[in-house]
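# Chain and residue survey
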Amino acid sequence: ESRTAGTSGPGTMKLWRSLHQAWQQRMTAWLDRRIPPASQYRLSRHNLFIFPSHTGWVYLCLTVAIFLLGSNYENNLVLALAYLLFSLFVISMHYCHYNLSGLTVAALSAPTGYAGQSLRFLVQLQTERPRYDLQLSAMDGLGEHLPTLENRAQLGVTFIATRRGWLQPGRLRIASQWPLGLLECWTQLDLQQTGLAYPRPLLCELQLQAGNTPQAEANAPASVSQTAGMDEMQGVRPYRSGESLSQIAWKQVAQGRGLVSKEFMTPIPQLCWLELHKTPGQDLEERLSKLCYQLQILEQQRAYYGLLLGSQSIAPGEGTLHQTHCLTALALYENH
């Protein structure tokens, strides 16, 4: 008997999960037919739904109980109260739907960030009359609330990027329980938004390869920049808590200059390459993370660099657009 009781629990949970997944798939397919994906919507009776809220169901049950009580005792005053409560429910239904009807919802630019950080997907709400109690949410996302909308405003849903690559928020849910909280008018919209998460930067030493492309060298800047490293000592700086004792400049400390640390700099050649297969790491994700950190350092130093990812090669360049191009390549790289 105990063996049967022990195996029935996991089996029931597995059956429940499969039924829930099947229901979600059917709902998604139905919504795709009813509300096709688009970058902008105007809410109307074709894409709005309205149901009683949790408070509304309690309210209805209470109204029915009052009606049955008045009918049983043939008390006209109690019946009038039941009719009044039901009338308020019907009127609230009209105003709740009217609060969202005609609202324009448009997608804004897709966000970018790093793995482990939050990405906020923004939508723009536009109206010609006041709206109230607007709630934007999504599955596995942190939604936002807007008490009043007069003309135009932005709302967002925040997701945590657990890994690099594309991040799709799915359908966003816009809802309102105005005016009495008895009903909820809502819709689920696929605004075709897609965010991009770059690899998580991982602190490491620069692994640079000097450039040897004549055309690239002709376009490269003539100066040699420097960045923090362990090659040449450039001076001292205030000691930072947690640094190794070997970093402390004891000679300067003995001279009474206070607790200071040695600062080393690594010269950066006028043209350099970052190569995936020459970057140390235990796995692909660690090497991509180290390349991401090195890209940040080179961009801060305004260096002229290129990127080699297997068979993919990004010509040397500099600037924000070049860095974005390289980070995108790291985010979407697949090891074949």
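Below, the structure is looked at part by part.

Here is what the cut-offs are and how they apply
- Starting from 1, residues in each chain are numbered consecutively following that chain's sequence as written.
- Local features in this predicted model are restricted to residues whose pLDDT is 70 or higher, and side-chain atom pairs enter the listing and the counts only when it is 80 or higher, whereas totals over whole chains, interfaces and linings include all residues.
- Computation of side-chain values: all heavy atoms of the structure, hydrogens and water removed.
- Only DSSP runs of H or I reaching four residues or more are called helices, and only runs of E reaching two or more are called strands; each is numbered from the N terminus.
- What makes two residues a contact is simply this: any of their non-hydrogen atoms within 4.5 Å.
- By convention, a stacked pair of Phe, Tyr or Trp rings (six-membered ring in the case of Trp) has centres within 6.5 Å and planes under 30 degrees apart, an edge-to-face pair has planes over 60 apart, and any other such pair is tilted.
- The buried label applies to any residue whose accessible area, calculated with a 1.4 Å probe on protein chains only, is under 20% of its type's maximum; exposed applies above 50%, and partly exposed to all values in between.
- Here, strands pair whenever DSSP counts at least two bridges between them.
- For helices, the axis comes from a line fit to the C-alpha atoms of the stretch in contact; other axes are also lines fit to C-alpha atoms, and the angle between any two N-to-C directions lies between 0 and 180 degrees.
- Polar contact criterion, stated in full: a pair of N or O atoms within 3.5 Å, where within protein one must be able to donate a hydrogen and the other to accept it, and residues adjacent in sequence count only if both atoms are side-chain atoms.
- For classification purposes, angles smaller than 35 degrees are called roughly parallel, those larger than 145 roughly antiparallel, those between 65 and 115 roughly perpendicular, and all remaining angles oblique.
- Crossing chirality is assigned from the near helix's rotation relative to the far helix, an anticlockwise turn below a right angle marking it left-handed and a clockwise turn marking it right-handed.
- Ten residues, namely Ala, Val, Leu, Ile, Met, Phe, Trp, Tyr, Cys and Pro, are considered nonpolar, four, namely Asp, Glu, Lys and Arg, are considered charged, and the remaining ones, Gly among them, are considered polar.
- Take the buried residues of types Ala, Val, Leu, Ile, Met, Phe, Trp, Tyr and Cys, join any two whose side-chain atoms come within 4.5 Å, and each joined set is a nonpolar core.

Along the chain, Glu150 falls in the loop between β7 (144–149) and β8 (152–160). For the pair Glu150 and Pro130, spaced 20 residues apart in sequence, the C-alpha separation works out to 4.6 Å. For Glu150, the contacting residues outside a window of four places in its chain are Thr127, Arg129 and Pro130.

Before going further, it helps to spend a moment on the packing of aromatic side chains. Given two aromatic rings, their pairing is described by the distance between the two centres and the angle made by the two planes. With the rule as written, the count across this model stands at 8 aromatic pairs. Ring geometry for Tyr114 and Tyr198: centres 5.5 Å apart, planes at 65°, overall edge-to-face. With a gap of 84 residues between them, Tyr114 in strand β4 (residues 112–114) and Tyr198 in strand β12 (residues 195–198) connect regions that are remote in the sequence. Ring geometry for Phe121 against Phe159: centres 5.7 Å apart, planes inclined by 85°, an arrangement best described as edge-to-face. You can see Phe121 sitting in strand β5 (residues 118–126) and its partner Phe159 sitting in strand β8, a full 38 residues away along the chain. We note that Phe121, like Phe159, is buried. By the ring-pair criterion, three or more aromatic residues cluster together here, those being Trp30, Phe49 and Trp186.

To continue, consider the sheet that holds strand β3 (residues 104–107). Reading across the sheet, the 4 strands line up as β1-β3-β5-β8 and stay open at both edges, with antiparallel pairing between neighbours. Two strands bound the open sheet, and with one partner strand each, they are β1 (40–42) and β8. The mean inter-strand angle of the sheet, taken between neighbouring strand axes irrespective of direction, is 20°.

Moving on, we get to the pairing of strand β18 (residues 312–317). When strand β17 (residues 305–309) meets β18, the two strands line up antiparallel, connected through 4 bridges. Its bridge partner being in β18, Leu308 is matched across the sheet by Ser313. Between β17 and β18, which pair antiparallel and follow one another directly, the connecting turn spans 2 residues, one of which, Gly310, has a positive phi of 65°.

This part is about the side chain of Glu184. Mapped onto the elements of the fold, Glu184 is located in strand β11 (residues 183–189). Here Arg173 takes part through its side chain, which lies 3.1 Å from a polar atom of the side chain of Glu184. Ignoring any residue separated from it by four or fewer positions in sequence, one finds Glu184 in contact with Phe49, Ile50, Phe51, Ser53, Cys96, Arg173, Ala175, Ser176 and Gln177.

Before going further, it helps to examine the sheet that holds strand β6 (residues 131–137). With antiparallel pairing, the 5 strands of this open sheet are ordered in space as β2-β11-β10-β6-β7. Strands with a single pairing partner mark the edges of an open sheet, and in this sheet they are β2 (49–52) and β7. Neighbour-to-neighbour, the strand axes of the sheet open up by a mean angle of 25°, direction not taken into account. Pairing analysis gives 5 bridges linking β6 to β7, with the strands arranged antiparallel. Its bridge partner being in β7, Arg131 is matched across the sheet by Leu149. The strands touched by helix α3 (residues 76–100) within the sheet are β2, β6, β10 (172–176) and β11, with β11 carrying the most contacts at an inclination of about 30°.

Moving on, we get to the packing of helix α2 (residues 54–73) against α3. It is the contact of α2 with α3, at a shortest axis distance of 8 Å, that shows an interaxial angle of 155°. Between α2 and α3, the angle is such that the two are roughly antiparallel. Between α2 and α3 lies a crossing of left-handed hand. Here Gly56, Tyr59, Leu60, Thr63, Ile66, Phe67, Gly70 and Ser71 of α2 lie close against α3, whose contacting residues are Val78, Leu79, Leu81, Ala82, Tyr83, Leu85, Phe86, Leu88 and Phe89. Along the lines of polarity and charge, the residues of the contact of α2 with α3 split into 13 nonpolar, 4 polar and no charged.

Below, the discussion takes up the packing of helix α6 (residues 284–300) against helix α7 (residues 320–332). Axis separation between α6 and α7 bottoms out at 10 Å; the angle between their running directions is 180°. In terms of orientation, α6 and α7 fall into the roughly antiparallel class. Packed against α6, whose contacting residues are Leu288, Leu291, Cys292, Leu295, Gln296 and Glu299, the element α7 presents Thr320, Gln323, Cys326, Leu327 and Leu330 at the interface. Each residue belonging to the contact of α6 with α7 can be placed in one class, and the counts come to 7 nonpolar, 3 polar and 1 charged.

Judged by nonpolar contacts, the single largest core of 41 residues is most densely connected at Leu100, Leu103, Val105, Val123 and Leu125. The dominant element in this core, judged by the number of residues it contributes, is α3, at 5 residues. Sequence-distant contacts of Leu125, defined by excluding residues within four places in its chain, comprise Leu103, Thr104, Val105, Leu134, Leu146, Leu149, Asn151, Arg152, Ala153, Leu155 and Ile174. Formed by 23 residues, the second largest nonpolar core is a distinct cluster that contains Leu276, Leu288, Leu298 and Tyr333.

Note that Asn47 resides in the loop between β1 and β2. In terms of polar contacts, Asn47 uses its side chain to reach the backbone carbonyl oxygen of Arg42, at 3.4 Å. Among the polar contacts listed, one links the side chain of Asn47 to the backbone nitrogen of Ser44, at a separation of 2.8 Å. Dropping the residues within four chain positions of it, Asn47 is found in contact with Ile35, Tyr41, Arg42, Trp186 and Thr187.

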